[in-house]
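Chain residues, written in single-letter form:
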Amino acid sequence: MSDAVSIIAAKRDGHELTTEQIDWVIDGFTTGIVADEQMSALAMAILWRGMSRAELSAWTSAMIFSGTRMDFSSLARPTVDKHSTGGVGDKITLPLAPIVAACGAAVPQLSGRGLGHTGGTLDKLESIPGWRADLSSEEIHSILADPAVGAVVCAAGANLAPADKRLYALRDVTGTVESIPLIASSIMSKKIAEGTGALVLDVKLGAGAFMKNIDDARELASAMVDLGTDAGVRTVALLTTMDAPLGFTAGNALEVEESLEVLAGGGPADVVELTVTLARTMLVAAGIEGVDPADTLADGTAMDRWRAMVEAQGGDPGAALPVAKESQTVTADRDGVVTELDAMKVGVAAWRLGAGRERQGEAVQAAAGVRLHAKPGDRVTAGQPVATLYTDTPEKFAYAAEAVAGAWTIGDSAVEVPPIVLERVGDQ
């Protein structure tokens, strides 16, 4: 017979928890037997002491079985999903899902909303008139089974790893968000419960990411790949840079607009490169060969899938996107070459303009955000616009301008822009 106090003390003292102890505490937390303050104490002990691979696998399994697990085994196509740990201007899911679907896979992409400086995929898509994020399991299955669609981007159901939802809320207010085992189990419990057969992880590192250095990013990637592998999900991770924003936009409708440029065969080079790289990785993980995702951009089939995907979720792919009522320009303070662009500062500015929220449940402005005009490697002159800020509430401009001040570092000579993809973790 287990009890919360002895389990907390065991982890506090550096002992490895048994599967039975883990199953008991997660079930007890879900049903209310284990109090919030007890689970908070255990989370702090895990932050300090860490978890072995066996512990983490058992912990994640218990999170999964606290709710329901989706099953797509009846689909005619293999399933594959992508998860990003979050960044600024990270609109990759929007073009990626239809591209991979156009190549023959089914893509069940359960996504979230933004909080703070990182944007949420669902917030971006909700700037499309009529589009809805909340779908039933039957609707998700039907869209994935439709040979003309094959991709869905929607909110996770309330009964998908519910223990994780409760634990995340506690971690957010108890200083335990940074625990790599708890981050890994939080992400992977939802992704495994989602029922995908293969998973590609985009682990961001740099100024605009949660992981600031490559060692932490590598540790997180390895932990998640191990969890996926242990659960029978073919999992691979890419470590990618997030020092500067992806593309030239940070916001909701602004990022949808840029994604449409990519689907039309254009768009920013970095967004196209990462999208195609992730698509190729997903197809290999799904066991699909002989098709190049870049071709779906060139021949228009990815755009066709996008329109079908939007329509399947009630949206109008031909409707005009919202446009902000007010704009303000940010200019360079000297001549030279942009050597650095701080993604965090840009993300905070977009958030302050109304593109993000401080608390879950708050409304966001669909048209608010930042459009960049200069990124690392670009030559600028004093007074030249380097960004445009957009909002429907002009009183936010001063607060946003304060956030973005100093985001651009301008030097006298050109710099080498680092590669987008730094490493691969996991066999493929």
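First things first, this report covers the structure right here in the doc. Predicted model only: the values in this text are computed from it and were never measured. (Residues numbered from 1 in each chain as written. Predicted model: local features only at pLDDT ≥ 70, side-chain atom pairs only at ≥ 80, totals over all residues. Heavy atoms only, no water.)

### Things to note about the pairing of strand E3 (residues 151-155)
Then, in step 1: Counting buried positions along E3 gives 5 out of 5 residues, so the element sits mostly inside the fold.
Then, in step 2: As paired elements, strand E2 (residues 107-111) and E3 share 5 bridges and run parallel to each other. In the strand pairing of E3, Gln109 is matched with Val153. (Buried < 20%, exposed > 50% of the residue type's maximum accessible area, 1.4 Å probe, protein only. Helix = DSSP H or I, 4+ residues; strand = E, 2+ residues; numbered from the N terminus. Pairing = 2+ DSSP bridges.)

### Notes on the environment of Ala407
Then, in step 1: Residue position: Ala407 is located in the loop between helix H16 (397-404) and strand E12 (408-411).
Then, in step 2: When its relative accessible area of 2% is taken as the criterion, Ala407 is described as buried.
Then, in step 3: For the pair Ala407 and Ala244, spaced 163 residues apart in sequence, the C-alpha separation works out to 9.5 Å.
Then, in step 4: Residues in contact with Ala407, not counting those within four places in the same chain, are Glu340, Leu341, Asp342 and Lys345. (Contact = heavy atoms within 4.5 Å.)

### A short note on the pattern of salt bridges
Then, in step 1: The final tally for this structure, using the stated rule, is 20 salt bridges.
Then, in step 2: In this structure, Lys11 engages Glu55 in a salt bridge whose closest nitrogen and oxygen atoms are separated by 2.9 Å. Placement of Lys11 in helix H1 (residues 4-12) and of Glu55 in helix H4 (residues 53-64) is noted, with a sequence separation of 44 residues between them.
Then, in step 3: For Lys11, a relative accessible area of 2% gives the class buried.
Then, in step 4: Among the residues examined, Glu55 registers a relative accessible area of 2% and is labelled buried. (Salt bridge = Lys/Arg side-chain N within 4 Å of Asp/Glu carboxyl O.)

### Points about the packing of helix H8 (residues 162-173) against helix H9 (residues 180-193)
Then, in step 1: Two numbers describe how H8 lies on H9: the axes approach to 10 Å, and their chain directions differ by 150 degrees. When the interaxial angle is binned, H8 and H9 end up roughly antiparallel. The way H8 lies across H9 gives a crossing that is left-handed. The residues of H9 that touch H8, namely those facing Asp164, Leu167, Tyr168 and Arg171, are Leu182, Ile183, Ser186, Ser189 and Lys190.
Then, in step 2: A breakdown of the residues in the contact of H8 with H9 according to their chemical character gives 4 nonpolar, 2 polar and 3 charged. (Axes fitted to C-alpha atoms, helices over the stretch in contact; angles between N-to-C directions. Parallel < 35°, antiparallel > 145°, perpendicular 65-115°, else oblique. Left-handed = near helix turned anticlockwise from the far one by under 90°. Nonpolar A, V, L, I, M, F, W, Y, C, P; charged D, E, K, R; others polar.)

### A closer look at the sheet that holds strand E9 (residues 369-372)
Then, in step 1: Read across the sheet, 4 strands follow the order E6-E9-E11-E7 without closing on themselves; strand pairing throughout is antiparallel. For this open sheet the edge positions go to strand E6 (249-251) and strand E7 (326-331), each flanked by a neighbour on one side alone. Between one strand and the next, the sheet's axes are offset by a mean angle of 15 degrees, whatever the strand orientation.
Then, in step 2: The sheet contact formed by E6 and E9 spans 3 bridges and is antiparallel. Residue pairing across strands places Ala250 opposite Val370, the latter belonging to E9.
Then, in step 3: Sheet strands touched by helix H15 (residues 343-355): E6, E9 and strand E11 (385-391). Its angle to E9, the strand with the most contacts, is close to 135 degrees.

### So, helix H10 (residues 214-230)
Then, in step 1: Taking 1.5 Å as the rise per residue, H10 with 17 residues should run 24 Å; its terminal C-alpha atoms sit 24 Å apart, in good agreement.
Then, in step 2: Regarding H10, the residues found buried are Ala217, Leu220, Ala221, Ala223, Met224, Val225, Leu227 and Gly228.
Then, in step 3: Where the residues of H10 are buried, they touch H4, H9, strand E4 (198-205), strand E5 (234-241) and strand E13 (421-425).
Then, in step 4: Structurally, the start of H10 carries an N-cap: the backbone nitrogen of Asp215 is 3.1 Å from a side-chain oxygen of Asn213.
Then, in step 5: Gly232 occupies a position one or two residues after H10 and carries a positive phi of about 85 degrees. (Expected span 1.5 Å × (residues − 1). Polar contact = N/O pair within 3.5 Å; in protein donor to acceptor, adjacent residues only side chain to side chain.)

### Some remarks on the pairing of strand E8 (residues 336-341)
Every regular strand shows the same layout, with side chains that alternate between the two sheet faces.
Then, in step 1: Bridge count between E8 and strand E10 (residues 379-380): 2 bridges; the pairing is antiparallel. Across the sheet, Val337 pairs through a bridge with Arg379, a residue of E10.
Then, in step 2: Where E8 meets E12, 4 bridges bridge the pair, whose relative direction is antiparallel. Residue Val338 lies in a different strand from E12, and its bridge partner there is Ile410.

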